[in-house]
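So you can see what is in the structure, the chains are spelled out below.
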Amino acid sequence: MLIRRAKIKDCNFLTNLAYKSKAYWGYTEDFLQQCKDDLTVTKEYIEENPVYLMESDNKIVAFYSFTISERKLDALFIDPNYIGKGLGRMIWDHLLNKAEELGINEFTLDSEPNAEGFYLKMGAECIGSTPSSVFPDRQLPLMKVKVF
């Protein structure tokens, strides 16, 4: 497995991976379409934020990104074909090291409700809830992570 900084040319791959990963949880096509803007990784986003991806045999299988100014983990997506194979722990360890490198000693994340258990297992703490950016009536677990 190789973990590297995302490049502009990776935008479409990352967007497709985010969509595929979100679909893994069994959401309706209508729900996923409404999430499409939030799942889109743009050229500007990659230029302005730390975005890192994991490759296996030259195929992108996972990625994560931070918003430094907000001290927030914006995204962590894993290709459904690789869920349960230890990649989550590998990329999590990388993102903790990267957060430390970036001077982030703690950060928050708005968790996909179905992924809350993963984040708790990785050491995150649920500190409340936050409204979804797509569906304001839908509450997402708000998690906090202390870096080392």
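Scroll up a little and you will see the structure.
Attention in this report is confined to the structure presented alongside it. (Residues numbered from 1 in each chain as written. Predicted model: local features only at pLDDT ≥ 70, side-chain atom pairs only at ≥ 80, totals over all residues. Heavy atoms only, no water.)

## Focus: helix α2 (residues 29–39)
Along α2, the residues that are buried comprise Phe31, Leu32, Cys35 and Leu39. The buried side chains of α2 occupy one side of the element, clustering within an arc of 85° when seen end-on. Exposed residues lying more than 90 degrees from the buried face of α2 are Asp30 and Asp37. Where α2 is buried, its residues meet α1 (11–23) and β4 (72–78). (Buried < 20%, exposed > 50% of the residue type's maximum accessible area, 1.4 Å probe, protein only. Helix = DSSP H or I, 4+ residues; strand = E, 2+ residues; numbered from the N terminus. Arc of directions from axis to C-beta. Contact = heavy atoms within 4.5 Å.)

## Quick word on the packing of α1 against α2
α2 packs onto α1 with a crossing angle of 145° between their chain directions and a minimal axis gap of 10 Å. Every pair of crossing elements has a handedness; the one defined by α1 and α2 is right-handed. Where α1 approaches α2, its residues Thr15, Ala18, Tyr19, Lys22 and Ala23 are matched on the opposing element by Glu29, Phe31, Leu32, Gln33, Cys35 and Leu39. In terms of residue class, the contact of α1 with α2 is built from 7 nonpolar, 2 polar and 2 charged. (Axes fitted to C-alpha atoms, helices over the stretch in contact; angles between N-to-C directions. Left-handed = near helix turned anticlockwise from the far one by under 90°. Nonpolar A, V, L, I, M, F, W, Y, C, P; charged D, E, K, R; others polar.)

## Some thoughts on α1
Along its 13 residues, α1 runs 18 Å from first to last C-alpha, staying within 8% of the 18 Å computed at 1.5 Å per residue. Turning to α1, its buried residues are Cys11, Leu14, Thr15, Leu17, Ala18, Tyr19, Ser21 and Lys22. Buried residues belonging to α1 abut α2, α3 (43–48), β2 (51–56), β3 (59–67) and β4. (Expected span 1.5 Å × (residues − 1).)

## A word on the pattern of salt bridges
A side chain of one charge can pair with a side chain of the opposite charge when the charged atoms of the two come close. Scanning all chains against the criterion turns up 11 salt bridges. As a salt-bridge pair, Glu47 and Lys43 come within 3.7 Å of each other at their nearest N and O atoms. Taken together, the positions of Glu47 and Lys43, both in helix α3 and 4 residues apart, correspond to about one turn of that helix. Note on Glu47: relative accessible area 49%, which makes it partly exposed. Of the residues examined, Lys43 reaches a relative accessible area of 41% and is grouped as partly exposed. Two residues, Lys146 and Glu106, come together in a salt bridge whose shortest N-O distance is 3.7 Å. Within this pair, whereas Lys146 is found in strand β7 (residues 139–146), its partner Glu106 is found in strand β5 (residues 106–110), the two being separated by 40 residues in sequence. Accessibility expressed as a relative area gives 57% for Lys146, which makes it exposed. Residues participating in the shared-partner salt-bridge network are Arg4, Asp10 and Glu55. (Salt bridge = Lys/Arg side-chain N within 4 Å of Asp/Glu carboxyl O.)

## Remarks on the side chain of Ser132
Tracing the sequence through the fold places Ser132 in the loop between β6 (125–131) and β7. Polar side-chain contacts of Ser132 include one of 3.0 Å to the backbone nitrogen of Phe135. Not counting residues up to four positions away in its chain, the partners in contact with Ser132 are Arg138 and Leu140. (Polar contact = N/O pair within 3.5 Å; in protein donor to acceptor, adjacent residues only side chain to side chain.)

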